[in-house]
Amino acid sequence: MRAAFYISDGTAITSEVFGHALLSLFPTEFEHFTIPFVETHEKAESVKQEINKTFRRTGEPPLVFHTFVNPEIREIIDSCDGIIYNFLEHFVAPLEQQLQLEAKPKAHRTHSIHENNYDYRIDAVNYALANDDGSNVSNYEHADVILVGVSRSGKTPSSLYLALQYGVKAANYPFTDDDMDELKLPDFLKKNKSKLFGLTIDPQRLMEIRDGRMANSKYASARQCRMEIREVEKLYKKEKIPFLNTTKLSVEEITAKILSATGLQRHKY
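Residues numbered from 1 in each chain as written. Predicted model: local features only at pLDDT ≥ 70, side-chain atom pairs only at ≥ 80, totals over all residues. Heavy atoms only, no water.

With an unreviewed UniProt entry as reference, the protein is termed Putative phosphoenolpyruvate synthase regulatory protein, source organism Thalassomonas viridans. Check the Sequence similarities (unreviewed entry) section of the UniProt entry for the protein; it says "Belongs to the pyruvate, phosphate/water dikinase regulatory protein family. PSRP subfamily." (UniProt positions renumbered as here; feature names shortened; annotations may be inferred.)

And the structure:
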């Protein structure tokens, strides 16, 4: 299996995201290694040896994606036995020419705390935790978005990701088996209808997820899953609530689609 390293003198998030995006285009498996904060010569030499050792073990040069700001550290990594993909060098020169500015590299700048960014995200995370799974329905006027759907359709991870990545205050409310006989919007959701966004999921996938949580239960039965999804999708259509099928989507894709559909203001930068 071909090895891929994602390395930086910062968080390595940028090299990891770009690297994963590129490798996802190829129908094969990779062995992934993410190494952040390579900030000293000693650490760089250690990482270089790890890459070289991987080359000897696999017989194929590892793919090395990096975004180093420090040129001395970058030179050490570039001298390894891997195939180097330096994302920054391909874009800096054209941007300098376009902006008529000289780049002034600084470690950690891309993920540092900018003005109120940190406060937005921490407040949003605290809000998501306090308003998870319908636990505090009296606080919905402060929500940026309220995710609704059946249990295990992706509401909680999506709420937390919206908060942590984008500083968006996301509450979520579950429709349970007790609601299904006459499914309708409770008054506290009606008051905030403009903030509602529905999640749904294919019944078969829902059954698999629930079976892992409560095997051989009514909650995880195929009949129950089909019924709940049918009723909740009818409600979305009747109340004109925008909704998204999460079956084949990652949490990153779910939240990106929610932001796109709602036009919510991001507080990421």
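Past the structure itself, the notes keep going.
**A closer look at unusual backbone geometry**
Of note in the backbone geometry, Q100 takes a positive phi value of approximately 55° without being a glycine. By the element assignment, Q100 lies in the loop between α4 (87-99) and α5 (117-130). One non-glycine residue, N216, lies in positive phi territory at about 60°. Relative to the assigned elements, N216 resides in the loop between α8 (203-213) and α9 (222-239). (Helix = DSSP H or I, 4+ residues; strand = E, 2+ residues; numbered from the N terminus.)

**Description of the side chain of S158**
Looking at the secondary structure, you find S158 in helix α6 (residues 155-166). We classify S158 as buried; its relative accessible area is 0%. Every residue in contact with S158, bar those within four places of it in the chain, is listed here: L147, L199, V251, I254 and T255. (Buried < 20%, exposed > 50% of the residue type's maximum accessible area, 1.4 Å probe, protein only. Contact = heavy atoms within 4.5 Å.)

**A few points about the pairing of strand β3 (residues 63-66)**
Consecutive residues of a regular strand have side chains that alternate between opposite faces of the sheet. Burial along β3 is two-sided: L63 and F65 facing one way and V64 and H66 facing the other are all buried. Pairing geometry for strand β1 (residues 2-7) and β3, over four bridges, is parallel. Across the sheet, the residue bridging to I7 is H66, located in β3. Direction of pairing for β3 relative to strand β4 (residues 83-86): parallel, over a ladder of four bridges. Bridge pairing links H66 to N86 in β4. (Pairing = 2+ DSSP bridges.)

**A word on helix α3 (residues 71-78)**
Taken together, the buried positions of α3 are I73, I76 and I77. One side of α3 holds all its buried residues, which, seen down the axis, span an arc of 95°. Where the residues of α3 are buried, they touch β1, α2 (41-58), β3 and β4. If you check the start of α3, you find a side-chain oxygen 2.9 Å away from the backbone N of E72, and it comes from N70. (Arc of directions from axis to C-beta. Polar contact = N/O pair within 3.5 Å; in protein donor to acceptor, adjacent residues only side chain to side chain.)

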